[in-house]
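Each chain, letter by letter, is given below.
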Amino acid sequence: MITPTDKELKLIDKASAEFAKKELAPKRAENDQFPFGPFFEPVLGKAFALDFFHTVLPESIGGMGQGICALSVILRNLCREDSSLGGIVFTNAAAQILMLAAEAGDTLSEITGKAGSVRDFLIAFPVFNNPSEIAPAAVAKKRSDGYKIDGRVDYVVLGGLAAHALIPARIEGVDGFSFFLIDPADSGASVSPPIHSLGLNACPAVDLALSAVRGTLVGAPGQGAAIFDTMTDRLSVAEAAMSAGVMKGSFQEALEYAKARQQGGREIIGWSGLRMILANMAVHLKNAEMIITRAGQAVDAEESGWQACSRAAAIHVQAVACDVTTDGIQVLGGVGYMKDFGQEKRYRDAKHLQALLGMAPMKKLRFIEKITT
Amino acid sequence: MISRKETKAYANQPPRFDDMICSLPAAPKIPKAMVKETRKVVALARKFNQEVVRPRALELDRRMHEDPDYLPWDMVETINDWGLYTLWIPKVFGGKGYNMPSMCYFIEEIASACLSIANLIGVHYLGVCTLTSTWNMRLINHICREVTLGEKNHTPCLITLAITEPGAGTDVEETDLIGKGNITCHAEKVAGGYRLNGSKIFISNGHVSTWHMVVAYSDLKKPADTTVVLAVKNGTPGFSFGRKEHKLGQKACPASELIFRDCFVPDEFVCLDPSQVTASQRPPREIAMQMIDYVVSATRAGVGAFATGAARGAFEAALNFASTTVVAGKPLINHEWAQCRLAEMYKNVTLSRLTYVETNYANGLHGAFRELQKKPMYYYYKFMPAKFFDKIMPPLMNKPFMTRLSRKVQMDGQTDDEMHRTSGWASLSKFGATDLGVKNCQMALEMMGQNGLRHDRGAEKILRDAKLLQIYEGTNQLNRLNLFKCLIAVDCPQATVFDE
Ligand SMILES: Cc1cc2nc3c(=O)[nH]c(=O)nc-3n(C[C@H](O)[C@H](O)[C@H](O)COP(=O)(O)OP(=O)(O)OC[C@H]3O[C@@H](n4cnc5c(N)ncnc54)[C@H](O)[C@@H]3O)c2cc1C
């Protein structure tokens, strides 16, 4: 929920907004230099201490037991200032929700319960691919002592960071794909350097090459697609919240600049052509917030058709965020293209976020399939 | 059926026939050899792409991520050694004299492989074009021959246009706005020249260029009436480079700050000032706008070509991905939705191209290329040996009557209608093609999923590079307003522009 109504959510809203302003905003450009600059480890530690990574974990396994509304509020606030930390929180939440959907709560509890540090707690996950779209290139073989996995997994987010990775692989002789938990430090796993990417630079991803790496099956064999789908139903609205946060940051910076910058003898906001661009941005933002608020409520209350609400919110808001952030640069003119302002980063991040959980057009096709079958 | 008088009257109703279509009247006038020449230029661009651009574009971009202050001298030298900085300098000034419209096709090719390297080449011609639009034959000859010499000596000599100031970007592009703007670059008239103070920002290729066409004003209270164009060379006392911007994309093409502190520019390097055009039919204010229009009518078509290249690069990346990737069990290229999307992207490329092509037909009929494209002139330049131009022409170019003559022909010889037509079409190409270019990048990334996000796959770079096209050479909003002014408002007597 973007506009929090109950007391607990208001507290979460306040804490996450303050954290983002204090810890993320001042070093946005510096943190964005990763992998060519240092990683913002201390910020990650502070986010961990504030339990951002525990939001959707059930209380029974040491989590906050919050729903998607709480996660959405946190992600919106983080992404308004800098989406990279939002990407880390989201990826970890996706892995957690997927494991819960796969009824692997015990395995998850073992990870979260034992974790002495944030790296131990985090689970890497290739969160930008739906394995039903681009099939896994890793194959698991059942041996007497468990599964051994060979092959490749591309673009594993948090791969060089987290002590665990949740990856898709085909099981030899079994239709479909399955999920496995692996240890990236396994002697058979080789981890690439962080991949240089469009956006979310401080939310690193790596390619994994696996050779007889031990894997723990998560969920039933061949049931990966169904588990991924369940996770997507829940988390889509949270994806939308991230994009809304980016939009909000872009609109605010554009508005402030338009009030201060003069051209043609007046503040540029005084030209109705420019005001129209700002108006379009504001309308998109308002609509996005309303959609997410409503969709979040539907998901948490499991109202009839909540899955469709969640997915439609993501598809729409992610696309609109790309347009809004493009205009967000445009309002600033030349300086919008420069690293001195946050707009160029938001333009990259919005496009990056649109690829979460799969290809944008395929998400649409799956949506129509879901509501018509 | 219809009389001559009626034909004229009906054809002049808006949209005027002459504004609607430039290619039809232009086509029969085009020298046939231009086609062959253009084909050769496109082939050269493809060869350069294969041998230089594609192998180095991503590596160069990555290098600039790692070290944003790195200057791509090696690439500039390679471009210089390939002879690309003199291809479109007329033979009479020592260049290779390829026909001007062919530059856009060339730029499209290079931009489809790397927008940033295309900019390293193309922006030099923005400087050349500014210089030539002053029609100061002595200085054009002097500076262009330095470029040619730089090619022979393997020491690149590039030219920039420096017009944007910290407080005035949109304002300096339009004489109706400049008077209200916060203009600070002052060229004070002093004995024997001008004393220049102020700074210019975002100047493409600044740090790797030798000459800078600086647009400044001798009276900051009346800038539109007192515009001067000064040629400032590196090393001139009082001139220095300031910061080099850290940008979203187009990283190989530096955007530089130029700083002038009591920088004395002698009369011999004044390309244009009001005292030089007292004999003109137009007042200095209109000459300044005409000069800007001559430049941007050519260079905004160039931005259209950059954008077509961006749209094409994005299309080619998406097509390659679709051809080599299995999605949901079958090749992506065999999904019907993907075929529709690729067709849409192809359409965007083609429509973008048509806008710059049509704009250049307008420039050939009524703008900067008019004289050079007349058949006798074209063939004379094409077939006369370079030696003739190198020996006979330079002393002639130093004669003041040459500048007077060319200004008479080019400045007085262009009607307001012709100016509006070229400028309006150029704006249409600029914002039309660049919006489609960015659109195609967005579409490509959507189709490519996580592969579109990775630097090593190339597509994300195009999205970053392409965004600049909507900003420089006047923002797309300014260009919309300029189209309105040039092609719509002329038939709406009640319309005023930049005056709401
Ligand atoms: C990488 C880069 C390279 C460049 N290269 C060069 C170069 O080689 N040489 C050079 O001289 N310049 C160059 N420029 C400058 C470029 O041309 C300007 O950035 C551009 O003209 C916009 O000016 P501005 O940045 O000052 O924006 P502003 O003029 O401040 O505009 C800010 C916003 O206000 C809007 N706006 C302004 N006035 C109006 C109005 N009257 N009505 C409605 N909206 C309005 C604009 O459209 C924009 O959205 C470059 C810029 C960049 C970013």
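Rules used throughout
Residues numbered from 1 in each chain as written. Chains lettered and ligands numbered in written order. Predicted model: local features only at pLDDT ≥ 70, side-chain atom pairs only at ≥ 80, totals over all residues. Heavy atoms only, no water. Helix = DSSP H or I, 4+ residues; strand = E, 2+ residues; numbered from the N terminus. Buried < 20%, exposed > 50% of the residue type's maximum accessible area, 1.4 Å probe, protein only. Contact = heavy atoms within 4.5 Å. Areas by Shrake-Rupley, 256 points an atom, 1.4 Å probe, with all protein chains shown as cover. Lys, Arg positive; Asp, Glu negative; His and termini not counted. Charge placed at Lys NZ, Arg CZ, Asp CG, Glu CD. Near = heavy atom within 4 Å. Polar contact = N/O pair within 3.5 Å; in protein donor to acceptor, adjacent residues only side chain to side chain. Nonpolar A, V, L, I, M, F, W, Y, C, P; charged D, E, K, R; others polar. Pairing = 2+ DSSP bridges. Phe/Tyr/Trp six-rings, centres within 6.5 Å; stacked < 30°, edge-to-face > 60°. Lys NZ or Arg CZ within 6 Å of the ring centre and 35° of its normal. Core = buried A, V, L, I, M, F, W, Y, C linked by side-chain atoms within 4.5 Å. pLDDT = per-residue confidence, 0-100. Buried area = accessible area lost by both parts, 1.4 Å probe. Salt bridge = Lys/Arg side-chain N within 4 Å of Asp/Glu carboxyl O. Axes fitted to C-alpha atoms, helices over the stretch in contact; angles between N-to-C directions. Domains from an automatic or database assignment.

Caption draft 1: Up close: the overall build of chain A. Helix and strand counts for chain A stand at twelve helices and nine strands. Across its three principal directions, the C-alpha atoms of chain A cover 80 × 45 × 35 Å. Within the span of chain A, comprising 373 residues, buried residues form 61% of the whole. Taking contacts inside chain A between residues at least 6 apart in sequence as the whole, the part at least 24 apart equals 75%. Total accessible area on chain A stands at roughly 13400 Å², and carbon and sulfur atoms take up 53% of it. Here chain A holds 37 positive side-chain charges and 41 negative ones, and the gap between their average locations is 4 Å.

Caption draft 2: How the structure looks around the site of the ligand. The ligand sits among 28 residues. The nearest are A:R261, A:Q330, B:T164, B:T170 and B:F202. Those chains with residues close to the ligand are chains A and B. At a separation of 2.6 Å, an oxygen atom of the ligand approaches a polar side-chain atom of A:R261. One nitrogen or oxygen atom from the main chain of A:G334 is found 2.7 Å from an oxygen atom belonging to the ligand. When contributions to the shell around the ligand are tallied by element, the ones reaching two or more residues are α10 (306-332) of chain A together with β1 (159-162) and β3 (193-204) of chain B. Looking at which element gives the most residues to the shell around the ligand, the answer is β3(B), with three residues. Residues belonging to the shell around the ligand are distributed by class as follows: 13 nonpolar, eleven polar and four charged.

Caption draft 3: Just the pairing of β1(B), in detail. All names here are of chain B. Side chains I159 and L161 project from β1 onto one buried face, and the interleaved T160 and A162 project onto a second face that is buried too. Where β1 and strand β4 (residues 211-217) come together, four bridges link them in parallel fashion. The partner of A162 across the bridge, within β4, is V214.

Caption draft 4: Highlighting the environment of B:V232. Residues and elements named next belong to chain B. Examined against the element boundaries, V232 turns out to sit in strand β5 (residues 227-233). C-alpha separation for the pair V232 and V270, spaced 38 residues apart in sequence, amounts to 9.0 Å. Apart from residues lying up to four places away in sequence, V232 is in contact with L196, T210, W211, H212, V214, F239, F260, C263 and V265.

Caption draft 5: Expanded view of the packing of aromatic side chains. If you walk through the whole model with that rule in mind, you get 26 aromatic pairs over all chains. On the basis of an interplanar angle of 0 degrees and a centroid distance of 6.0 Å, the ring pair of B:Y379 and B:F383 is categorised as stacked. Residue B:Y379 and its partner B:F383 are both found in helix α12 (residues 375-383); the two are separated by four residues, about one turn of the helix. Judged by its relative accessible area of 28%, B:Y379 is partly exposed. Pairing B:Y380 with B:F389 gives two aromatic rings, centres 6.0 Å apart and planes at 85 degrees, and the pair type is edge-to-face. Just above the ring of A:W271 sits the side chain of A:R266; from NZ or CZ to the centre is 3.9 Å. Here the basic side chain of B:R63 rests over the ring of B:Y70, its NZ or CZ set 3.9 Å away from the ring centre.

Caption draft 6: Inspection of the environment of A:K142 at higher detail. Residue and element names in this part refer to chain A. The residue K142 is located in strand β2 (residues 137-143) in this model. K142 sits in the exposed class, given a relative accessible area of 61%. The spacing of K142 and E172 is 30 residues in sequence and 7.8 Å in space, taken between C-alpha atoms.

Caption draft 7: Expanded view of the nonpolar core. A:F53, A:L85 and B:L196 are the most contacted members of the largest nonpolar core, which has 277 residues in total. Sort the elements by how many residues they give to this core and helix α10 (residues 284-324) of chain B lands first, with 21 residues. Excluding anything up to four places from it in sequence, A:F53 contacts A:L44, A:A47, A:F48, A:L85, A:I88, A:V89, A:N92, A:Q96, A:V118, A:F121 and A:L122.

Caption draft 8: Here's a closer look at the confidence of the model for chain B. Per-residue confidence for chain B averages 96 on the pLDDT scale, and 100% of its residues sit at or above 70. At the level of chain-chain contacts, confidence expressed as ipTM amounts to 0.97, with global pTM at 0.97.

Caption draft 9: Region of interest: the interface of chain B and chain A. Each side of the interface is counted separately: chain B has 54 residues, and chain A has 47 residues. Taken over both partners, the interface formed by chain B and chain A buries close to 4300 Å², and the fraction arising from carbon and sulfur atoms is 60%. It is B:Q450, B:L453 and B:E500 that lose the most area in chain B upon contact with chain A, and together they represent 17% of the buried surface on that side. Scanning the region where chain B abuts chain A turns up four salt bridges.

Caption draft 10: Broad picture of the packing of helix α5 (residues 83-101) of chain A against helix α6 (residues 105-114) of chain A. All names here are of chain A. At a minimum axis separation of 8 Å, α5 and α6 run at an interaxial angle of 145 degrees. Contact residues: α5 offers Q96, M99 and L100, while α6 offers G105, T107 and L108. For the contact of α5 with α6, a count of residues per class yields three nonpolar, three polar and no charged.

Caption draft 11: Looking closely at the domain arrangement of chain B. Residue and element names in this part refer to chain B. Here chain B is partitioned into domain 1 (21-156 + 283-491) and domain 2 (159-277). For domain 1 versus domain 2, the separation of C-alpha centres amounts to 23 Å. Each partner contributes residues to the interface: domain 1 has 54 residues there, and domain 2 has 41 residues. When the two sides are added together, the surface that domain 1 and domain 2 hide from each other amounts to roughly 4000 Å², 64% of it contributed by carbon and sulfur. Considering only the side of domain 1, the residues that lose the most area to domain 2 are I143, R285 and L478, jointly responsible for 13% of the buried surface there. Our count for the domain 1 to domain 2 interface comes out at four salt bridges. Of the charged contacts in the structure, one is a salt bridge between K485 and E174, with a shortest N-O distance of 3.0 Å. Where domain 1 meets domain 2, there are 21 residue pairs in polar contact (both at pLDDT 80 or more). Put simply, the parts of the chain that give the side of domain 1 that touches domain 2 at least two residues each are α4 (33-66), α5 (73-81), α7 (115-133), α8 (137-152), α10, α14 (400-412), α17 (459-467) and α18 (476-488). Of all the elements, α7 adds the most residues to the side of domain 1 that touches domain 2, at eleven residues. Of the residues belonging to the side of domain 1 that touches domain 2, the class tally is 30 nonpolar, twelve polar and twelve charged.

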